[in-house]
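# Residue-level structural notes
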Amino acid sequence: MIFIAILIGCILGAILGLNAPIISYTYSSYLAIAIIAALDSVFGGIASVIKKNFDLKIFISGFFGNAILAILLTILGQKLNVDIYLAAIVVFVWRMFMNLGTIRRYYVEKWSDIIKEKTSKKDTKTQTEDKVEK
């Protein structure tokens, strides 16, 4: 069911993306930092689901709070003629990689456990067949 929802979302996103107006260069830095902040929140949400401590209120507040703070840093940096938004990018990307590492570790361990189960079942089956033959 969830795969159908993801597929429908991807198709709608592609259709809307093709028909959406182009973002002007003036606002592209705001959009880029907001997307990075939102992706950080999404990866954090996935990692917290894996750790079994997900809270929707924290996710939503972090999603919008991070994006708004990052946009405000970008505005302030442009007013001061200093690239302050680079600090936000470094922090958000670092956190994304940390969360991605947690997600990767979880799935690698899960995959390893499945392989161990299959090999132990084969070994048990082989040992049982050897005992029957004797």
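Cut-off values and rules
Residues numbered from 1 in each chain as written. Predicted model: local features only at pLDDT ≥ 70, side-chain atom pairs only at ≥ 80, totals over all residues. Heavy atoms only, no water. Helix = DSSP H or I, 4+ residues; strand = E, 2+ residues; numbered from the N terminus. Expected span 1.5 Å × (residues − 1). Buried < 20%, exposed > 50% of the residue type's maximum accessible area, 1.4 Å probe, protein only. Core = buried A, V, L, I, M, F, W, Y, C linked by side-chain atoms within 4.5 Å. Contact = heavy atoms within 4.5 Å. pLDDT = per-residue confidence, 0-100. Phe/Tyr/Trp six-rings, centres within 6.5 Å; stacked < 30°, edge-to-face > 60°. Salt bridge = Lys/Arg side-chain N within 4 Å of Asp/Glu carboxyl O.

## As for helix 3 (residues 56–80)
- With 25 residues, helix 3 should reach 36 Å at 1.5 Å per residue; the first-to-last C-alpha distance of 36 Å fits that figure.
- Residues Asn66, Ala67, Ala70, Thr74 and Gly77 constitute the buried set of helix 3.

## Brief notes about the nonpolar core
- Among the nonpolar cores identified, the biggest contains eight residues, and these are Ile33, Ile36, Ala37, Ala67, Ala70, Ala88, Phe92 and Met96.
- Listing elements by their share of this core, those giving two or more residues are helix 2 (25–50), helix 3 and helix 4 (85–133).
- In contact with Ala37, not counting residues within four places along its chain, are Asn66, Ala67, Ala70 and Phe92.

## Section: the confidence of the model for the chain
- In this model, the chain carries a mean pLDDT of 85, and residues with pLDDT of at least 70 account for 92%.
- The secondary structure element of the chain with the lowest average pLDDT is helix 1 (residues 2–19), at 83, and the one with the highest is helix 3, at 89.

## Topic: the packing of aromatic side chains
- In the structure shown here, the tally under the stated rule is five aromatic pairs.
- Each ring, one from Tyr27 and one from Tyr30, has its centre 6.4 Å from the other, and the planes form 40 degrees; the classification is tilted. Of this pair, Tyr27 and Tyr30 both sit in helix 2, separated by three residues, roughly a single helical turn.
- Relative accessible area serves as the criterion here: at 18%, Tyr30 is assigned to the buried category.

## Quick look at the pattern of salt bridges
- Within this structure, the stated rule accounts for one salt bridge.
- The partner of Asp40 in a salt bridge is Arg95, with the nearest N and O atoms 2.6 Å apart. One end of the pair, Asp40, is in helix 2; the other, Arg95, is in helix 4, with 55 residues separating them in the sequence.
- Its relative accessible area of 1% is what places Asp40 among the buried residues.
- The exposure class of Arg95 is partly exposed, given its relative accessible area of 33%.

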